[in-house]
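Listed here are the chains, written in short residue letters.
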Amino acid sequence: MRDLLRDDVFTHLIPLRASRWDKVRNMTFLAIAAACIACAPRTATTPVQSPPAGAQKGAWVWIEAESSTSTNFPPAEQNPFGPADAKQAEQLSGGKWIGVEGKRASGVFAEYKVAVPADGTYQLYARKFWKHGPYRWRFDEGAWQNVGSDVALMDDATLRQHVGTNWTHGGEVALKSGTRTLRVELTSNDGAAAFDAFILTKDPFVARGKLKPGEKYGRSDDGFFPFEPDPDPFKPSAIDLRYLNEKFAGEGGFIGVKGEEFVHKNTGKSERFWAINTGGDTLKLDRATIRNMARGWAKSGVNLVRVHGGPWGEDFRRADPGHVQRLFFFVEALKNEGIYTCLSIYFPLWLRLDDKSGFTGYKSGQHPFAILFFNKEFQAIYRGWWRDLLTVKSPFSGKTLAQEPAVAMLEMVNEDSNLFWTFTPYENIPASQMAILEKQFGDWSTRRYGSLDKAFQTWGGSPVKGDDKSAGRVGILALWQMFSAKEQRGQDTAQFLTETQRNFFRETYSMFRDDFGYGGTISASNWITAEARILGPLDKWSNTVGDFMDRHGYFDVGHTGERASYSLSAGDKYEDRSALQFLPGKVGEGPNFSLPIFDIRYNGKPSTVSEINWTPPNALRADFPVVAAAYGSLQGTDSIMFFATGAPWWEETLAKFSIRTPVTFGQFPATAYIYRRGLIKAAPKVVEANLQLSDLFALKGAPLSTPASLDQLRQKDIPAGTAVELASIDAIDPLAFLVGKVDFNIRDKPVPSKMMDLSKYINHQAKIVKSATGELTWNYGTGLVIVNAPMTQGITGYLARAGAVDLGAVRISSDLEYGSILAVALDERPLATSSKILLQVMSREQNYGWRSTPGAQKTIESLGAAPMTVQHLHGHVALKRADAASLTVTALDFNGYPVQKLGSAKAFDLKPNVLYYLIEKG
């Protein structure tokens, strides 16, 4: 979802940057910059920039931007974006950088003497000020290479608000050894630009702030250790799950649907997807980085990536050809690692319309909520995007993306609905657009009642804004009026809006199949409604046009601040809250039984969650991947897509939606294996609610709803003081999701509903819920989940409160406040007899130097800086097997390579800085 105003590589994780230049241009540096640019070029006796001593194969050369041999950039001391203090200078290579601001009378350049260590093909990377300052570069008299403002960002380091540095790729060049001249020239004489350093390298470059290849920060706060993995050589490793993927995505044919499961169409083999989200800017990374990134994702168990971003460029009416070509390469790179692609290309928050856009009535910058469902002209533009993407042949495969089995899923619309709070007549939808919809409602009402006179007579009551019988128009009630009053006009309005939405989905589905020949799976949307139990099932019925059902969910509580919906900032208030306890949202309220993992399955279709996260700054997140894998398996969820990453490597600091971190990605080896191998059994149906469509149109609602679980960006769309869900749950206990599968079927005729006796599994007094399979226990009083299946056992949550926990094959104890300890058999045998076991451990993570106030509600005093750090791990593990003494325990590094033999599995203590242990025979 998210507002991809955010076009950095962390895609919509930091939308502030899209407007950074608007704010920066107000700075008072114009006079300084203009005076400095007027100076004559300066020359220097700076030594030739050289590679490190002894560097041969894979050599690299680090080039300090301020150490030029000739330039007309102002001196680094006059850089308008220069560091204001020692703390800011510490973020920069060499403590300073060069930069300019404002309009300039002539071009700006810098030249460097570079000692190229050996003949070969090199990549040039620049550490610069965000996307500001398009430039060109060349060596000696070679061809110029241009780097525009749409360059992808590979990392992020902030000096201060609105000013930071990012590594970017400049291009590729073939060079002979010897001393060469690198010349860099700005290609615009207006605006901001700043450079900190360049690197010329043969090998994939791991961007890590000011650090040179091989360097580490090596720093952490008391009680924490630095998480700084080495670049991964991808040697054989116990945690490398690449083998779970096909040799190439699509090897078994297109992904299709059989019953409640995804299957490979050629083989019939069922498939679950452990997936991640990334944005359009990730496609702009250099090819070597993308290949390496895909290999790392596959190693972590990922077998699908949701590419989430608009395909248009400056002209929103057509897909950008450059984007299409980049997408071809990205799909091919993922395919080669056995990773499928899901395409999500439209979200109203990515577009802003005005009168010049061709759609009248929109104020400048207004988002086009809901018009896709009824405006034929907008629909034509939308279908044109898909045509541009799906009907052009890839230069890599020779196929169109519609013909490419590696494209597993297409998503029609992201987070938009006629039945959500953003559907506001004459506000989000201007009068000229409402006139179109009102005429369609008039036609619908005429067909239903025979005439508008008859319709208005049936409804009675006061006129509604937009009623115009002479023009054949019928006004649209506000959503709250529909589900509150439930009168006939409200019922008819709800039915019309639902059918309008469903018709759009049906027509679009036919376009994918009939016009483009797409062979994979298709979903309609993934959004919620203004009233989950009354309008929610109607929205879901419209979505059943697709092959599978989708939803979104975030555990995002207690974080407030000016930019809290998309970033972390000093001064923000937040809570460290466990998702496992269902704590009240406010003092005096009852338990909040609302989590994104709760999955209602509709009409027997596969079910996915295409965005999910437990968002920072909440530090109690170690349970997240564990419960996602465990309860996703229990409920039969067919794909879990973590939101979001665009980072080529591990993220160095926490951001609002970080997942490429120790707590989340660092736990993928065991959790992805559990989920994809089915080590936790799917439960039987414990609830089968059969809903009659006519009752839903009569606004009678459903007996249970999935939780809204909004992130803060979309919470803002809910009117203040409005309840998203009704308080009453009627006959179905909301904790049924922790027992087994909850199925809703929307039918034309009445069919009796069924429900298992849940009292055998749910003990509200003890606050304990057991799964129907007997493999999972959720103690929401203590805040602990216990996994006790034959091939995987462990605990997550408040570990110290649990004391020693005896499981089937392992005994675990730890005084960690919050964390997870999980044992997984890697050889498809029970832990009691397995010869290869992975033990995975996690606690909490934070930036180095993170500071917040004590208490239940905390205030961020300092975000800190790189690197990411992890709280020291400690505990005691013992295998309860007669042959435990014959099993050796080996500590692995962050990439899964052996570092130390620790003795036998009969009993051993956890090391403070080890995440993974391999337990095996001999």
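Definitions and cut-offs
- Residues numbered from 1 in each chain as written.
- Predicted model: local features only at pLDDT ≥ 70, side-chain atom pairs only at ≥ 80, totals over all residues.
- Heavy atoms only, no water.
- Helix = DSSP H or I, 4+ residues; strand = E, 2+ residues; numbered from the N terminus.
- Rg over C-alpha atoms; globule rule 2.2 N^0.38 Å.
- Buried < 20%, exposed > 50% of the residue type's maximum accessible area, 1.4 Å probe, protein only.
- Contact = heavy atoms within 4.5 Å.
- Pairing = 2+ DSSP bridges.
- Phe/Tyr/Trp six-rings, centres within 6.5 Å; stacked < 30°, edge-to-face > 60°.
- Lys NZ or Arg CZ within 6 Å of the ring centre and 35° of its normal.
- Polar contact = N/O pair within 3.5 Å; in protein donor to acceptor, adjacent residues only side chain to side chain.
- Salt bridge = Lys/Arg side-chain N within 4 Å of Asp/Glu carboxyl O.
- Right-handed = clockwise from strand over helix to strand, strands pointing away.

The next thing to look at is the overall build of the protein. Summing up its helical and strand segments, the protein has 16 helices and 47 strands in all. A globule of 922 residues ought to have a C-alpha radius of gyration of about 29 Å, and the protein, at 29 Å, matches this closely. Projected onto its principal axes, the C-alpha coordinates of the protein cover approximately 90 × 80 × 55 Å. Considering the protein as a whole, with its 922 residues, one finds that 63% of them fall into the buried category. Restricting the contact set of the protein to residue pairs at least 6 apart, pairs at least 24 apart contribute 74%.

Excluding glycine, most residues fall at negative phi; most peptide bonds, likewise, are trans. Looking along the chain, the bond that leaves proline 616 and enters proline 617 is cis, with omega of 15°. Considering the arrangement of structural elements, one finds proline 617 in the loop between β25 (607–614) and α12 (624–635). Residue proline 867 follows alanine 866 across a cis peptide bond; omega there is 5°. Turning to its location among the elements, proline 867 is positioned in strand β42 (residues 865–871). Positive phi is not limited to glycine here, since phenylalanine 234 has a value of about 55°.

Time to look at the pairing of strand β38 (residues 836–842). The buried fraction of β38 is high, at 6 of 7 residues. Inspection of the sheet shows strand β37 (residues 819–825) paired to β38 by 6 bridges, in the antiparallel sense. Residue pairing for β38: alanine 825 is matched across the bridge by isoleucine 837. Summarising the sheet, β38 and strand β47 (residues 916–921) pair through 5 bridges and their orientation is antiparallel. Within β47, the position partnered with leucine 838 by the bridge is leucine 918.

Our focus in this paragraph is the packing of aromatic side chains. Taken as a whole and judged by the stated rule, the model has 65 aromatic pairs. A centroid spacing of 5.7 Å and a plane angle of 85° characterise the contact between phenylalanine 347 and tryptophan 350, whose relative ring orientation is edge-to-face. Of the residues examined, phenylalanine 347 reaches a relative accessible area of 0% and is grouped as buried. Ring centres 5.9 Å apart and planes at 75° place the aromatic pair tyrosine 554 and phenylalanine 657 in the edge-to-face group. Residue tyrosine 554 is found in strand β22 (residues 549–555), and its partner phenylalanine 657 is found in the loop between β26 (639–642) and α13 (668–677); the two are separated by 103 residues along the sequence. In textbook terms, an aromatic cluster arises when at least three aromatic residues are bridged by ring pairs, as seen for Phe225, Phe227, Trp274, Phe555, Trp614, Phe624, Phe642, Trp650, Phe665, Phe668, Tyr675 and Phe894. Across the ring face of phenylalanine 109, the terminal group of arginine 183 is positioned such that the distance to the ring centre comes to 4.1 Å.

Following the sequence through the fold, asparagine 613 ends up in strand β25. Residue asparagine 613 is classed as buried on the basis of its relative accessible area, which comes to 0%. Among the polar contacts made by the side chain of asparagine 613, one reaches the main-chain carbonyl oxygen of phenylalanine 643 at a distance of 2.5 Å. Among all residues touching asparagine 613, those that are not within four sequence positions of it are Gly553, Tyr554, Phe555, Phe624, Phe643, Ala644, Phe657, Ser658 and Ile659.

What follows concerns the side chain of glutamate 845. Summarising the element assignment, glutamate 845 is placed in strand β39 (residues 845–848). Assessed through its relative accessible area of 3%, glutamate 845 is described here as buried. Side chain to side chain, glutamate 845 and threonine 661 meet in a polar contact 3.1 Å long. Sequence-distant contacts of glutamate 845, that is, excluding residues within four places in its chain, are made with Arg621, Leu654, Thr661, Pro662, Val663, Met868, Thr869 and Val870.

Neighbouring strands of a sheet are bound in pairs by backbone hydrogen bonds; such pairs are parallel or else antiparallel. In space, the 3 strands of this open sheet follow the order β14-β15-β16, with antiparallel pairing throughout. Of all strands in the sheet, those with a lone pairing partner are β14 (255–258) and β16 (270–271), marking the two edges. Note that strand β15 (residues 261–264) and β16 share 2 bridges and pair antiparallel. Paired with phenylalanine 262 across the bridge in β16 is glutamate 271.

Attention now goes to the pattern of salt bridges. For the structure on display, the rule yields 49 salt bridges. Salt-bridge contacts for arginine 513 lead to aspartate 547; the nearest nitrogen and oxygen are separated by 2.8 Å. On the criterion of sequence distance, the pair formed by arginine 513 in helix α10 (residues 488–515) and aspartate 547 in the loop between α11 (536–543) and β22 is long-range, its members being 34 residues apart. Arginine 513 sits in the partly exposed class, given a relative accessible area of 22%.

With 7 of 7 residues buried, strand β17 (residues 273–279) lies mostly within the body of the structure. Across the two faces of β17 the burial is the same, with Phe273, Ala275, Asn277 and Gly279 and Trp274, Ile276 and Thr278 all buried. Summarising the sheet, β17 and β26 pair through 4 bridges and their orientation is parallel. Paired with alanine 275 across the two strands is methionine 641, which belongs to β26. Bridging between β17 and strand β18 (residues 304–308) involves 5 bridges; their strand directions are parallel. If you follow threonine 278 over to β18, its bridge partner there is valine 307. A crossover connection joins β17 to the parallel β18 through helix α4 (residues 287–299); in handedness this β-α-β unit is right-handed.

Read these as geometric descriptors, not functional statements.
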